[in-house]
Amino acid sequence: MADILEIIQQRQSMRVPFDPNRQVPKKSLMQILDATRWAPTAHNMQNFEVLVVDDRKILDKIGNIKSRVSEAFIRENYQQLSFSEEELLRKKVGILGTNFPADWRDPARLEKAVRESVSRPLKERINGSPMLLIVIYDSRKRAPASEGDVLGFISLGCVMENMWLMAQSLEISVHILSVFSGETVERDVKQVLHIPEYMKIAFAARLGYPVSKPAKHPRVRRDVEMFVHYNRFSRV
Ligand SMILES: Cc1cc2nc3c(=O)[nH]c(=O)nc-3n(C[C@H](O)[C@H](O)[C@H](O)COP(=O)(O)O)c2cc1C
């Protein structure tokens, strides 16, 4: 019991460069995939396939694909930032602004940030990782009667967490890259990996071993009493 909570608490997003020359051991990969296989999914539909990308040439091809941060991301990200550690510790949700470029956290410079957002190669996001796990799903199917396939998407979240916790237990770092499901990036990645049109990318995870420690910042979560309601919804 204590062990699983420890692994859950230790799991964190590793937004740092990984060592390109330190491979994820085959045995560890198999353990991560085994954990993936046992994820709960709505109706046990197992609505996922996983592409393991560890071939340097293919990683390079993907790394050369360009992505541009969208206006929606810059604006909506701004609304959810905390601007100091004190604010983050008080709010207990969201992300610290210093994780993002200075223009993104100054309302006076937000327009400029949107205007000047340029395309950058994915290699900057992959950041040395020797292995990507790309999780895809069949967009033609849905969990039975699930409007918008919400249950299918929740299932993909379970897949993500199983992968991540197993990697954590093996001391392998993970960083989720949602950018892979962005419209143009998804199209280009699918082309490189020969993914059929009807399959969609849910997310990519970069795996590996960091070459530096992440900047120290507080990790926040709400206290239990801030989100739990007993027997009736009780927030005023
Ligand atoms: C569905 C989903 C998508 C995410 N996409 C990204 C992403 O694109 N880039 C990133 O740096 N982190 C991404 N994250 C990581 C979250 O930002 C992170 O889990 C959250 O801020 C809590 O931090 P922690 O993982 O260090 O505990 C994603 C997480 C989830 C569950």
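Details of the structure are given in the entry above.
Read on for an overview of the structure. As the structure is a computational prediction, the values presented were derived from the model and not from experiment. (Residues numbered from 1 in each chain as written. Predicted model: local features only at pLDDT ≥ 70, side-chain atom pairs only at ≥ 80, totals over all residues. Heavy atoms only, no water.)

**Describing the sheet that holds strand β8 (residues 199–208)**
Stated precisely, the cut-off is as follows: We treat two strands as partners when DSSP finds at least two bridges between them. Secondary structure is summarised from DSSP: a helix means a run of H or I of at least four residues, a strand means a run of E of at least two, and numbering begins at the N terminus for each. The axes are straight lines fitted to the C-alpha atoms, using for helices just the contacting stretch, and the angles between their N-to-C directions are given from 0 to 180°. Pairs of residues are marked as contacts when any of their non-hydrogen atoms sit within 4.5 Å.
The sheet built from four strands is open, its strands ordered β1-β6-β8-β7 with antiparallel pairing. Lying at the two open borders of the sheet, with one neighbouring strand each, are β1 (49–53) and β7 (173–177). On average, each strand axis in the sheet is inclined to that of its neighbour by 25°, with strand direction left out of account. Direction of pairing for β1 relative to strand β6 (residues 131–138): antiparallel, over a ladder of five bridges. Bridge pairing in β6 links Val 50 to Val 135. Docked against the sheet, helix α2 (residues 26–37) engages β1, β6 and β8, running at close to 165° with respect to β1. Each of β6 and β8 is contacted by helix α9 (residues 183–192), which is oriented at about 80° to β8, the strand it contacts most.

**Side note on a nonpolar patch on the surface**
Note the following rule: Patch members must show over 30% relative accessible area and no salt bridge, and they are joined within 9 Å when carrying like charges or within 5 Å when they are nonpolar side chains of Val, Leu, Ile, Met, Phe, Trp or Tyr. Using a 1.4 Å probe, accessible areas were evaluated by the Shrake-Rupley method; residue-level cover was limited to the displayed protein chains. For salt bridges, the criterion is a side-chain nitrogen of Lys or Arg within 4 Å of an Asp or Glu carboxyl oxygen. Throughout, exposure labels follow a simple rule: accessible area from a 1.4 Å probe, protein chains only, divided by the maximum for the residue type, with under 20% read as buried, over 50% as exposed, and the rest as partly exposed.
A contiguous nonpolar surface patch, about 260 Å² in accessible area, is contributed by Ile 4, Leu 5 and Ile 8. Positionally, Ile 8 belongs in helix α1 (residues 2–10). The class of Ile 8 is partly exposed, set by a relative accessible area of 35%.

**Thoughts on the pairing of β6**
Where burial is concerned, most of β6 is hidden: eight out of the eight residues are buried. Across the two faces of β6 the burial is the same, with Met 131, Leu 133, Val 135 and Tyr 137 and Leu 132, Ile 134, Ile 136 and Asp 138 all buried. Direction of pairing for β6 relative to β8: antiparallel, over a ladder of eight bridges. Looking across to β8, one finds that Leu 133 is bridged to Ala 205.

**What to know about the site of the ligand**
Heads up, the condition is: When we say a residue is near a molecule or strand, we mean one of its heavy atoms is within 4 Å of it. Any pair of nitrogen or oxygen atoms within 3.5 Å is treated as a polar contact; in protein, a donor-acceptor pairing is required on top of that, and neighbouring residues in sequence qualify only through side-chain atoms on both sides.
The environment of the ligand is made up of 13 residues, and the closest members are Ser 13, Arg 15, His 175, Ser 178 and Arg 219. Arg 219 places a polar side-chain atom, nitrogen or oxygen, 2.6 Å from an oxygen atom of the ligand. Of all the secondary-structure elements, those providing two or more residues to the shell around the ligand are α8 (150–169) and β7. Top contributing element to the shell around the ligand by residue count: β7, with three residues.

**A short note on α9**
By the burial criterion, the buried members of α9 are Val 185, Glu 186, Asp 188, Val 189 and Lys 190. Contacts made by the buried residues of α9 are with α3 (56–63), β2 (66–68), β6 and β8.

**Some words on the pattern of salt bridges**
Overall, the coordinates contain 15 salt bridges when judged by the stated rule. Two residues, Arg 109 and Asp 103, come together in a salt bridge whose shortest N-O distance is 2.7 Å. A relative accessible area of 35% means that Arg 109 is categorised as partly exposed. Between Glu 124 and Arg 120 there is a salt bridge, with its nearest N and O atoms 2.7 Å apart. Overall, Arg 120 belongs to the partly exposed group, its relative accessible area being 44%. Within the structure, one salt-bridge network assembled from shared partners comprises Asp 103, Asp 106, Arg 109, Lys 112 and Glu 116.

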